[in-house]
Amino acid sequence: MGRFMKADIRLESVNDIDPEMLRKDGIRGIVFDIDNTLEEYNTKQPGERSLSLFRKLSKAGLRIGILSNAKNKRAEQFAAGFPKADFPEISVVSAAGKPLRSGFTKLLTKMGLKADESVMVGDQLYTDILGGNCAGLKTILVKPINLSGEPRFVRFKRLIEKPFM
């Protein structure tokens, strides 16, 4: 299980993602977790950080997906904050059941991509990184944006993740 708990790349934040480096590595699509990866936990709409990032990635020709364990309404509301005129092709899968493969497979099918040409970006080892690795995606672990607003079960998971960090 240890190798599945290691991210291929570790970054401070999603803003440090280099789309050209990803494209040179054969990556055509990028999958994001929402909470504490793109925005603070439970943020309803994407902020300027996410909008700017998605513009940069779209401009580089990368397909973008959102894979969240959040309920359908929550994830869809967040994704709706990306204007369709600017981001017509953001694929979303909510209630994904990460780290199970099924959510990853469903999203990659929507995006028209294979696992080996995709990367998962998230802030948690037990959901985002483990799931991405098991599904065959490359993985990028980012530091959580703000730990103070997380629910107890997420804080508990972070304690269990520490030895793998």
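Described in the following lines is the structure provided in the data block. These numbers come from a predicted model, not from an experiment.

Regarding the nonpolar core
Grouped together as the largest cluster of nonpolar side chains are 26 residues, with contacts concentrated most on Ile30, Phe32, Phe54 and Ile66. Elements supplying a minimum of two residues to this core: strand E2 (29-32), helix H2 (48-59), strand E3 (63-67), helix H3 (72-80), strand E5 (118-122) and strand E6 (138-142). For this core, the element with the highest residue contribution is H2, accounting for 4 residues. Ignoring any residue separated from it by four or fewer positions in sequence, one finds Ile30 in contact with Ile17, Leu22, Leu57, Arg63, Ile64, Gly65, Met111, Val119 and Val121. In terms of nonpolar packing, the next biggest core, distinct from the first, is built from 13 residues, Leu67, Met111, Leu113 and Ala115 among them.

Re the sheet that holds E3
Pairing is parallel across the open sheet formed by 6 strands, whose spatial order is E1-E6-E5-E2-E3-E4. Both edges of this open sheet fall to strand E1 (9-11) and strand E4 (91-93), since each of them pairs with a single strand only. Here the average twist between neighbouring strands, direction ignored, is 20°. In the sheet, E3 pairs with E4 via 3 bridges, with the strands oriented parallel. From the neighbouring strand, Leu67 faces E4, where its bridge partner is Val93.

Observations regarding H2
Along its 12 residues, H2 runs 16 Å from first to last C-alpha, staying within 8% of the 16 Å computed at 1.5 Å per residue. Turning to H2, its buried residues number three or more, namely Ser50, Leu51, Leu53, Phe54 and Leu57. In an axial view of H2, the angular spread of the buried residues amounts to 165°, which keeps them on one side of the axis. Within H2, the exposed residues directed more than 90 degrees away from the buried face are Glu48 and Lys59. For H2, the elements touching its buried residues are helix H1 (19-24), E2, E3 and H3. Taken from the residues just after H2, Gly61 is the one with a positive phi, measuring 85°.

Rules and cut-offs
- Residues numbered from 1 in each chain as written.
- Predicted model: local features only at pLDDT ≥ 70, side-chain atom pairs only at ≥ 80, totals over all residues.
- Heavy atoms only, no water.
- Core = buried A, V, L, I, M, F, W, Y, C linked by side-chain atoms within 4.5 Å.
- Buried < 20%, exposed > 50% of the residue type's maximum accessible area, 1.4 Å probe, protein only.
- Helix = DSSP H or I, 4+ residues; strand = E, 2+ residues; numbered from the N terminus.
- Contact = heavy atoms within 4.5 Å.
- Pairing = 2+ DSSP bridges.
- Axes fitted to C-alpha atoms, helices over the stretch in contact; angles between N-to-C directions.
- Expected span 1.5 Å × (residues − 1).
- Arc of directions from axis to C-beta.

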